[in-house]
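Residue-level structure breakdown
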Amino acid sequence: MSKGGRAKKKLALPPSGAVQGKRVGDVRSLLPGAATSDDRVCWRFTHVDHDGRWGFDRMDSATLREVLTKLRDCESMTLNELRRKRDFFKEYDVPGGLCKEAVARLTALGFDDALKIQRLRFTGTQRLYGFLTGNIFHVLWWDPFHEVYPSRLKHT
């Protein structure tokens, strides 16, 4: 008995069979399309460069919303489908045509041994740079003014 003379109620446990089908901690069964997500493009933000010139903190909320929407839309694609979108996806050799500041920043971040860097083109001059390993795009920089890998115009 507890203080005040009332008996404590015991919690009723569900029958043993009721819990057997539940998989604690596995969200794949709850998320539509999760079973095939290993085949599709996905994103990692562990290596976003917050301290450099092309950090996400320079992005306004409307642009961030657009970028996240575009990334969400890309998640339905396989890596091969993404690579076929030549106007959207490109891969560059490092250092290649990267600007000097981008090369120096890669060194400062410990990525000076990278052989390739990939980019996704958004509207106009906006680019998202990162490293593709398997089907995972590791986001690094947001380049709103096309400065990381500037275009070399022909006949100028």
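Every chain is numbered on its own, with residues counted from 1 as its sequence reads. The predicted origin of the model limits local features to residues at a pLDDT of at least 70 and limits the giving and counting of side-chain atom pairs to 80 or more, whereas totals for whole chains, interfaces and linings rest on all residues. The basis for the side-chain values is all heavy atoms of the structure; hydrogens and waters are excluded.

Here the focus is the pattern of salt bridges. Side-chain pairs of opposite charge can arise whenever the charged atoms involved come near each other. Each reported salt bridge corresponds to a side-chain nitrogen of Lys or Arg within 4 Å of a carboxyl oxygen of Asp or Glu. Here the structure, examined in full by the defined rule, presents seven salt bridges. Measuring nitrogen to oxygen at the nearest pair gives 2.8 Å for the salt bridge that ties Arg-105 to Asp-49. A residue pair is termed long-range when its members are at least 10 positions apart, and Arg-105 in helix 4 (residues 100-109) and Asp-49 in the loop between strand 1 (42-44) and helix 2 (61-74) qualify at 56 residues. Residue class for Asp-49 comes out buried when judged on its relative accessible area of 2%. The salt bridge involving Lys-116 is made with Asp-93; its shortest N-O contact spans 2.6 Å. With Lys-116 in strand 3 (residues 116-121) and Asp-93 in strand 2 (residues 89-93), this pair connects stretches of sequence that are 23 residues apart. Relative accessibility under 20% of the residue-type maximum defines a buried residue, over 50% an exposed one, and the middle range a partly exposed one, all with a 1.4 Å probe and only protein chains included. Given the relative accessible area of 45%, Asp-93 is considered partly exposed. Via salt bridges that share partners, Arg-53, Glu-101 and Glu-147 belong to a single interconnected network. Helix and strand assignments come from DSSP, with helices taken as H or I runs of at least 4 residues and strands as E runs of at least 2, each series counted from the N terminus.

We now examine the packing of aromatic side chains. Whether two aromatic rings pair depends on their centres lying within 6.5 Å, for rings of Phe, Tyr and Trp, where Trp uses its six-membered ring; planes under 30 degrees apart make the pair stacked, over 60 edge-to-face, and the rest tilted. Under the definition given, this model contains six aromatic pairs. Centroid distance Phe-88 to Phe-122: 5.8 Å. Interplanar angle 80 degrees. Geometry classified as edge-to-face. Of this pair, Phe-88 sits in the loop between helix 3 (79-84) and strand 2 while Phe-122 sits in the loop between strand 3 and strand 4 (127-133), and the two are 34 residues apart along the sequence. Overall, Phe-122 belongs to the buried group, its relative accessible area being 9%. Among the aromatic residues, ring-to-ring pairing joins Phe-88, Phe-122 and Trp-142 into one connected group.

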